[in-house]
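# A closer look at the structure
Each chain, written out:
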Amino acid sequence: MNAMTMSAPERLLDVKGLSIEIDTRRGPATIVDGINLHVNKGETLGIVGESGCGKSLTMLSLMRLLPNKIKVKSGTANFAGRDLLTMSKSELRKVRGGQVGFVFQDPMTSLNPVMRIGDQICEPLIYHKAMKRADARIRATELLRLVGIPSPAERLDAFPHELSGGMRQRVMIAIGLACDPELLIADEPTTALDVTIQAQIVDLVKELRVKLGMSVVWITHDLALIAGLVDRVAVLYAGTVVEDAPVEELFANPSHPYTRGLLASIPKLSDVAANRLSSIGGTPPEPGRRPLGCPFAPRCQLAEDICRQSVPPLEPLGGSGPHRVACFVAQRQLEAA
Amino acid sequence: MQGEPLLKIENLVKHFNVRLGAFGERGATVHALDDVNFEIIEGETLSLVGESGCGKSTTGFTILNLHQATSGKVIYKGENIATFDDKAMRPLRRDLQIVFQDPYSTLNPRMTIGEAVGEPILFHKLCTKAELPDRINRLLTDVGLPPRFAGRYPHELSGGQRQRVAIARALACEPKFIVCDEAISALDVSIQAQIINLLLDLQEKYGLTYLFIAHDLAVVRHISDRVGVMYLGRLAELATREQLFANPLHPYTQALLSAVPEADPVLEKTRQRQVLQGDVPSPLNPPTGCRFHTRCPIAQEVCAQTIPEWRQIEPGHMVACHMVPGGLHA
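Note that the structure is a prediction, hence the values are computed from the model and not measured. (Residues numbered from 1 in each chain as written. Chains lettered and ligands numbered in written order. Predicted model: local features only at pLDDT ≥ 70, side-chain atom pairs only at ≥ 80, totals over all residues. Heavy atoms only, no water.)

Attention now moves to the overall build of chain B. A tally of regular secondary structure across chain B gives 11 helices and 12 strands. Its C-alpha atoms give chain B a radius of gyration of 21 Å, near enough to 20 Å, the size a compact globule of 330 residues would have. Taken across its 330 residues, chain B has 57% of its residues classed as buried. Across chain B, the fraction of contacts at a sequence separation of at least 24, relative to all contacts at a separation of at least 6, is 63%. Carbon and sulfur atoms provide 51% of the accessible area of chain B, an area that totals close to 14300 Å². On chain B, the mean spot of the 33 positive side-chain charges and the mean spot of the 37 negative ones are 5 Å from each other. (Helix = DSSP H or I, 4+ residues; strand = E, 2+ residues; numbered from the N terminus. Rg over C-alpha atoms; globule rule 2.2 N^0.38 Å. Buried < 20%, exposed > 50% of the residue type's maximum accessible area, 1.4 Å probe, protein only. Contact = heavy atoms within 4.5 Å. Areas by Shrake-Rupley, 256 points an atom, 1.4 Å probe, with all protein chains shown as cover. Lys, Arg positive; Asp, Glu negative; His and termini not counted. Charge placed at Lys NZ, Arg CZ, Asp CG, Glu CD.)

Another point: helix H9 (residues 251–259) of chain B. Because each turn of an α-helix spans 3.6 residues, side chains separated by three or four positions in sequence point in the same direction. Among the nine residues of H9 of chain B, eight are classified as buried, and the element is accordingly described as predominantly covered. All buried positions along H9 of chain B are accounted for by Pro251, Tyr252, Thr253, Ala255, Leu256, Leu257, Ser258 and Ala259 of chain B. Elements in contact with the buried residues of H9 of chain B: helix H8 (195–212) of chain A together with strand E3 (45–49), helix H7 (217–223), strand E9 (226–231), strand E10 (234–240) and helix H8 (241–246) of chain B.

Moving on: the state of the cysteines. All names here are of chain B. Summed over all chains, the structure comprises zero disulfides over all chains. The thiol sulfur of Cys54 is not disulfide-bonded, and the nearest other cysteine sulfur, from Cys290, lies at 14 Å. A disulfide-free cysteine, Cys180 has its sulfur positioned 14 Å from the sulfur of Cys173, the nearest such atom. (Disulfide = S-S within 2.5 Å.)

Inspection of the secondary structure puts Gly282 of chain A in the loop between helix H11 (257–264) and helix H12 (305–309). Placed 65 residues apart in sequence, Gly282 of chain A and Val217 of chain A show a C-alpha to C-alpha distance of 29 Å. The contact partners of Gly282 of chain A, leaving out residues within four places of it in the chain, are Arg299 of chain A together with Ile191 and Gln194 of chain B.

A few words now on the confidence of the model for chain A. Across chain A, the average pLDDT comes to 88, with 95% of residues at 70 or higher. Long-range and interchain partners of residues 1–5 of chain A, a stretch whose pLDDT sits below 50, account for nine contacts in this model, where long-range means more than four residues apart. (pLDDT = per-residue confidence, 0-100.)

Quick look at the packing of helix H3 (residues 113–123) of chain B against helix H5 (residues 159–171) of chain B now. Residue and element names in this part refer to chain B. Two elements in contact, H3 and H5, have axes separated by 7 Å at closest approach and are oriented at 25°. Overall, the two elements H3 and H5 adopt an arrangement that is roughly parallel. Viewed along their axes, H3 and H5 form a crossing whose handedness is right-handed. Across the interface between the two elements, Ile113, Ala116, Val117, Glu119 and Pro120 of H3 pack against Val165, Ala168 and Arg169 of H5. In terms of residue class, the contact of H3 with H5 is made up of six nonpolar, no polar and two charged. (Axes fitted to C-alpha atoms, helices over the stretch in contact; angles between N-to-C directions. Parallel < 35°, antiparallel > 145°, perpendicular 65-115°, else oblique. Left-handed = near helix turned anticlockwise from the far one by under 90°. Nonpolar A, V, L, I, M, F, W, Y, C, P; charged D, E, K, R; others polar.)

Our next topic: the interface of chain B and chain A. Contact with chain B, which involves 39 residues of that partner, is made by 42 residues of chain A. Between chain B and chain A we count zero salt bridges in total. In this assembly, chain B and chain A are joined by eight residue pairs in polar contact (both at pLDDT 80 or more). Contributions of two or more residues to the side of chain B that touches chain A are made by helix H6 (189–206), H7, H8, H9 and helix H10 (265–270) of chain B. Considering only residue class, the side of chain B that touches chain A consists of 19 nonpolar, eight polar and 12 charged. (Salt bridge = Lys/Arg side-chain N within 4 Å of Asp/Glu carboxyl O. Polar contact = N/O pair within 3.5 Å; in protein donor to acceptor, adjacent residues only side chain to side chain.)

Here we come to the pairing of strand E3 (residues 44–48) of chain A. Taken residue by residue, a regular strand's side chains alternate between the two faces of the sheet. Residues and elements named next belong to chain A. Counting buried residues in E3 gives five out of five residues, a clear majority hidden from the surface. Here E3 shows two buried faces, one formed by Thr44, Gly46 and Val48 and the other by Leu45 and Ile47. Relative to strand E8 (residues 215–220), E3 runs parallel, the two sharing five bridges. Across the sheet, residue Ile47 finds its bridge partner in E8, namely Ile219. Where E3 meets strand E9 (residues 232–237), four bridges bridge the pair, whose relative direction is parallel. (Pairing = 2+ DSSP bridges.)

Sheet strands pair via backbone hydrogen bonds, and the direction of the pair is either parallel or antiparallel. The eight strands are arranged E6-E7-E8-E3-E9-E10-E12-E11 (chain A) in an open sheet whose pairing can be described as mixed. Single-partner strands in this sheet number two, and they are strand E6 (100–103) and strand E11 (315–316) of chain A.

Our focus in this paragraph is the environment of Leu198 of chain B. All names here are of chain B. In this fold, Leu198 is placed in helix H6. Along the backbone, Leu198 and Asp142 are 56 residues apart, and their C-alpha atoms lie at a distance of 8.8 Å. If we ignore the near neighbours within four places in the chain, the residues touching Leu198 are Asp142, Val143, Arg164 and Ile167.

Turning next to the packing of aromatic side chains. If you walk through the whole model with that rule in mind, you get eight aromatic pairs over all chains. On the basis of an interplanar angle of 65° and a centroid distance of 5.3 Å, the ring pair of Tyr258 of chain A and Phe296 of chain A is categorised as edge-to-face. Linking Tyr258 of chain A in helix H11 with Phe296 of chain A in the loop between H11 and H12, this pair joins segments that are 38 residues apart in sequence. Like Tyr258 of chain A, the residue Phe296 of chain A is buried in the burial classification. In this structure an aromatic cluster arises from ring pairing among Tyr237, Tyr258 and Phe296 of chain A. Of note, Lys14 of chain B hangs over the ring of Phe16 of chain B, and the distance from its end group to the ring centre comes to 4.9 Å. Sitting above the plane of the Phe149 of chain B ring, Arg152 of chain B keeps its charged end 4.5 Å from the centroid. (Phe/Tyr/Trp six-rings, centres within 6.5 Å; stacked < 30°, edge-to-face > 60°. Lys NZ or Arg CZ within 6 Å of the ring centre and 35° of its normal.)

The subject of this paragraph is the pattern of salt bridges. Residues and elements named next belong to chain A. Under the criterion given, the structure shown has 30 salt bridges over all chains. The closest approach of N and O atoms between Arg11 and Asp14, which form a salt bridge, is 3.3 Å. Notably, a salt bridge pairs Arg232 with Glu43, separated by 2.8 Å at the nearest N-O pair. In this pair, Arg232 is assigned in strand E9 and Glu43 in the loop between strand E2 (27–40) and E3, connecting sequence segments 189 residues apart. On the basis of relative accessible area, Arg232 is assigned to the buried category, the value being 7%.

All names here are of chain A. Spatially, E2-E1-E4-E5 is the arrangement adopted by the four strands of the open sheet, whose pairing is antiparallel. Each edge of the open sheet is held by one strand with a lone partner, namely E2 and strand E5 (82–83). The pairing of strand E1 (residues 11–24) with E2 spans 10 bridges and is antiparallel. Within the sheet, the bridge partner assigned to Ile22 lies in E2 and is Ala29. Against the sheet, helix H1 (residues 55–62) engages E1, E2 and strand E4 (70–79), with an angle of about 110° to E1.

Here you go:
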């Protein structure tokens, strides 16, 4: 993979060989297995996968926010020249909420219920930017206006419970953006919201990304949602990246059987309704019971002997280019063609 | 849609009285459902869509008399079941079943799958104890689970498998009508497709009628015969699937359809979205007139004053909007 970096644009975040383990009663079980991911400057990356595929844990591990029983086993995460996984805690504190903003899924549990939202937005400004409180409040008002909250000055003194779900998510985004981060990590930020509100948030992030020139990682289970939002997509399955491609390429030419299955199981609005959806049989493997070879092999209709014996590497489709896929069959089919 | 109505819903109203304030000193009324009229035709899938708090689940619950209706009628087999008490409802529960959203909290964790599926059969005395294991096996096979699962507990199953058990349980007493209350919303995409296919297969096999409550319009389009769009406790539009998706008349339906993302990056980049401003108002104090007028891009004065009439535009296509031809302001 290193040989392929060619005239690659500058990488803001470069995760290599990241493995995450969970302690269970039966011993450690691997949840994330040697993930390689990168985000270029100014790029929006979509990370797609079903529940339990390790997409959220991967991003939490970068901020060293993993729960107690879950640990990073190996790997590096290079962010702007430094390894997030080994840097000192004081350095890390400067990154969290400073250079990297985070928006979590559930705004009801990630906002402090007994703190006014103005104070919650000011907190990172005072901490990271050493702003005076009065200046921070002015900036907080600007941020609330930026994320589209009406009458922002009055809203500063509201408590989270006084806001609707969409408004709370906007506040979360305002906090994530407070210190002009180079990278915004959004973990399913619209999953708890209605479609009309979701459309508002998606438009907002698109607009801000251009305005502020930041990189964005958008974690989701919804392929349709990111189609119009991201530049590149990484598809995760059972803790590995199975396919990584520019968004148009991924939708036009999905190569991993899992990606194909995922795309085929989404009913499309523009389709003339067919009667049956194609579905992927079976369920993803549980951590600790991962199959020996390709993790998708037990559910894959194209699986061959080699798939059950060794793990396919994530390699450029056809030898070069930005479309990478971890599948023996897809790679061979292309060679044959 | 041709056919006999299985259920008729007439002027259905459901209000909840709540206490507000730190000490519950203020009383208020949640207008969860106001003046809802529609029919459910035997053998069809009727979907209700709308954003959270629009009353779609309340409609399902009130039809099944799980919520006591404030006023209005639910007519089943010539009788208004909205006024029935629990005891009078009991024999009808055989016919009218429900599958809930969350497969994790709807199954009793201390009951095996077999016990859970067998319970309604024993309750309605549909077979003898000796026949029961056979019957449970058949139900589990019907929903695509191996019969050996009968001895397992819910925690041993995945979300999709649990939802299959919940469906088997609803099927156990051979119902005519099943309310699927967001029955697939909590599942992953690949599993969701499995459950949708299962529901369609079962409908064909047993001639079931579904009231499908969902917020995912793409799924709704896939499985429904007719679709009703709700906003803040009222029906905004009701039409056949073809009519609604090809020719949405209510501005809210139009906005809702336009907010759904499409799994097509090329289309998404060029698509003009109509993004609604603001949030859904509180059902504690719903707007006057048309409840959508506070967010409606084409609202006029009359919309804030008069409640739009629920009227038919073409056969099978109902809408409540002043701005649609034939309305007060068109």
